[in-house]
Amino acid sequence: MFNEMSGEDGVTRSAYEGVARWIDETGVDALLLKTEEAEAIFRRIGITFAVYGEGGDPERLIPFDLIPRVFDAHEWRRLDRGIKQRARALNAFLWDVYHRGEILKAGIVPERLVYQNAAFLPEMIGVDPPGRVYSHIVGIDIVRTGENSFQVLEDNCRTPSGVSYKLETRAIMMRMFPELFQSLSIQPVDDYPDLLRKTLEEVAPPACKGDPTVVIMTPGSLNSAYYEHSFLADRMGVDLVEPQDLFVDEGRVWMRTTQGPKRVDVIYRRIDDDFLDPITFRADSVLGVPGLMQVYRTGGVTICSAPGAGVADDKAVYCYVPEMIRFYLGETAILENVPTWRCSEPDELSHVLANLGDMVVKEVHGSGGYGMLIGPKATAEEIEAYASRIRAEPADFIAQPTLELSASPSLAGGGIAARHVDLRPYCMVGADMRLAPGGLTRVALREGSLVVNSSQGGGVKDTWVLSE
Amino acid sequence: MLSRAAENLFWTARYLERAEAAARLIEMGQRMTLIPGPGRDEWRSVAAVAGAAHLFEDEERITEARIVEKLVLCPETPASIRYCLNRARENARAVRTAITAEMWEALNDGWRRLEMADPGAANRELPAIIDWVKTRAAVFRGASETSMLRTDGYYFLRIGGLLERSELTLRLLDVKYYVLLPETETVGGGRDHHQWTSVLHATSASRAYHHVYRGDFSPWKITDFLILNQRFPRSVAYCYNELSRYLGLLALAYGRRDHCHMLAGEMVARLADVEMGELFQTGLHEFTTEALQHNARLSAAISRAYHF
């Protein structure tokens, strides 16, 4: 297991020297006390995620780990290039599958993975979003298994969440430990909202003349990510709308304001495709803006991310991203994929079934760490039960080897212990590509756990990228 | 601004003001129970002012424990502190982007306190709870005062708060005049005096009143103070003047006046004109009833004018 701080040889890696010194000087007891202080601040500010209907506190804190995760400038440059490359290829793929489908005709990606995918929207065929951008915020989950070994775990092309935690954990760290930021050169991250706004303005629709009006669309304050929606709207200085605040008239989208209707040009939506427009998608839905899709198709408004972008972040499509990079960009993938077996392929299926005890199996359409099989941690009965699910619908599953995820020193179990981490950087795609340094580091605070999702008891920590 | 945001700001302020009003009323109730006497039922007056008399219809005598249960802790009673604070917070949460971090923190700090308090503890800690509620409202107002841009959002917030505040003062006077005094007591007697001064306490007005009228606690002077005084921030006249001023700023910002401006103006003119003697002649109760109806009409007209 690679330890982010002490490396392969047990010697503190240079990027972590400042952190190691700080831990020594401060001492574990003081850090544990500081953790309580940080949680009190989180609670008061209301940085929570909402989980209604499961009992307990409906507005939960995400556990926050004070010990940061650090990248040096050199490591980050490579990640930065790899992430942008991937975001570029994914957008090229989306444009292709909604137009001529050349990668399918070339036999590189199987047609059924696209056309039979629930996230594929026939309504999007032939639609040309401004700048050919479909996924405007690409969240790419990355794990590390060794000093120079970074692998992409999955892509999130719809509405990846968590960026508010990244910014808030940084703000809290700066507030509680200003001396760290005074003595080390840590690249700032707080221009993210400005970059996001710029990105969204760049993809204004053809009908927009003058300064575009950007809004964030949230399902409402009961949504688990509502804090993030309001946070981003606030930091960008744009209106946070709910679907009922919008309506369509004369080929444009309008919001209801105290001074009458105001035109909207770009909608950063944080609601699912299904609930965008009851006329096009779900007649039974009371959510949504009737007629929105028609305005979108005729260039009266930009929807970010584009409807149907989810077809690129499917776990089965994921296997083909390195091929996409070669096909569209003529480049070799800078970041590797985790080796993945597709249960839809008979050969691969039999390999998976024969080796279930060593693998992690995921549902192709699943998310949030639910419905996984972690072979080495499962009992014989669990494995057998899962195997019969796979046999029934092989195409619904993919399998990966259990990775030795890197671990980062964390405050857990009453002291400092190594806990597994991953990383979700956020790549913004407009006329330009922008990537704020670092990303959201999630940490599996339960001992031995590999699952970092907040819905499964994972926590977050600040992510530093050091300057040269 | 978004109509929904304006509506939420308006109601955040109203609910918070209402929560504070409930706390003040309960404080007044406690103070009144300190005076001994037969057949007293001060808590019924409190319930009546809070608009919650119907909850206690079947009870011969209302105890403090029942008041705490219904008007402090109950999550479903619209008159309860918990209900109002929850609604204020929900409204504010729905417009997190329209309020400042300081304002949100004022509402969010310890928001589950009442949810977690058991009735026994809440009874014992009643004064602390009342202080806490008043502090929440004060911190919120202070935060908005010092951190919020003076744009339409601020005006909607203030208008909601002032409308609600005038409401409490009117209700207090109404109940004092007709409900409080047991039939066995005489107007102007010791109990009457204590009750009137309790009304002043409930509106944080005792000191201010003393500065204006010295030791003269006659009902018409107290009424004059609470309805017509132009300088006391809880008087009906003051609330309406301010309300009207903020509506005027909205009209200026938007370049358009509406029916609500006319309604507010009517009340301001009326209060500037009226004489206390005349008011008592036609009946204080008639006046307050009419004023409360006017409040409701104004609230509806504001919603219509700004599309919420």
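Residues numbered from 1 in each chain as written. Chains lettered and ligands numbered in written order. Predicted model: local features only at pLDDT ≥ 70, side-chain atom pairs only at ≥ 80, totals over all residues. Heavy atoms only, no water.

- By the naming in an unreviewed UniProt entry, chain B goes by Alpha-E domain-containing protein and is assigned to Pikeienuella piscinae.

- Looking at an unreviewed UniProt entry, one finds chain A named Circularly permuted type 2 ATP-grasp protein and attributed to Pikeienuella piscinae.

## Let's talk about empty space enclosed by the protein
Residue and element names in this part refer to chain B.
Inference 1: Counting across every chain of the model gives five cavities of 30 Å³ or more.
Inference 2: Of the volumes computed, that of the largest cavity is approximately 110 Å³.
Inference 3: Every residue lining the largest cavity is listed: Arg82, Leu85, Asn86, Arg89, Ala106, Leu107, Asp109, Trp111, Leu114, Trp132 and Arg136.
Inference 4: Elements represented by at least two residues in the lining of the largest cavity include exactly α4 (81-93), α5 (101-108) and α8 (126-147).
Inference 5: Among the elements that make up the lining of the largest cavity, the one with the highest residue count is α4 (four residues).
Inference 6: Residue composition of the lining of the largest cavity, grouped by class: six nonpolar, one polar and four charged. (1 Å grid on protein atoms, 1.4 Å probe; cavity = no way out; pocket = protein on both sides within 12 Å on 5 of 7 lines; lining within 4 Å. Points joined across faces, edges and corners; volume = space filled by probe spheres on them. Helix = DSSP H or I, 4+ residues; strand = E, 2+ residues; numbered from the N terminus. Nonpolar A, V, L, I, M, F, W, Y, C, P; charged D, E, K, R; others polar.)

## Topic: the interface of chain B and chain A
Inference 1: The interface of chain B with chain A comprises 25 residues on the first partner and 27 residues on the second.
Inference 2: Counting the surface lost from both chain B and chain A, the interface buries some 2,100 Å², and carbon and sulfur atoms represent 44% of this.
Inference 3: When the buried area of chain B at its contact with chain A is split by residue, Leu2, Arg93 and Thr97 of chain B rank highest and sum to 32% of it.
Inference 4: At the boundary of chain B with chain A, the tally comes to two salt bridges.
Inference 5: Connecting chain B to chain A are 13 residue pairs in polar contact (both at pLDDT 80 or more). (Contact = heavy atoms within 4.5 Å. Buried area = accessible area lost by both parts, 1.4 Å probe. Salt bridge = Lys/Arg side-chain N within 4 Å of Asp/Glu carboxyl O. Polar contact = N/O pair within 3.5 Å; in protein donor to acceptor, adjacent residues only side chain to side chain.)

## A word on helix α2 (residues 42-49) of chain B
Inference 1: When you tally the buried positions in α2 of chain B, you get six out of eight residues, the bulk of the element.
Inference 2: A positive phi of about 75 degrees marks Gly51 of chain B, the residue just after α2 of chain B. (Buried < 20%, exposed > 50% of the residue type's maximum accessible area, 1.4 Å probe, protein only.)

## Let's talk about the pattern of salt bridges
Inference 1: Scanning all chains against the criterion turns up 51 salt bridges over all chains.
Inference 2: For Glu201 of chain A, the salt bridge is made with Arg197 of chain A, and the minimal N-O distance between the two is 2.9 Å. Linking Glu201 of chain A with Arg197 of chain A, this pair stays in helix α8 (residues 192-202), spanning four residues, or about one helical turn.
Inference 3: With a relative accessible area of 28%, Arg197 of chain A lands in the partly exposed category.
Inference 4: For Lys134 of chain B, the salt bridge is made with Glu27 of chain B, and the minimal N-O distance between the two is 2.9 Å. Linking Lys134 of chain B in helix α8 with Glu27 of chain B in helix α1 (residues 3-32), this pair joins segments that are 107 residues apart in sequence.
Inference 5: One network of salt bridges, in which partners are shared, links Glu4, Arg13, Arg69, Glu75, Arg144 and Glu147 of chain A.

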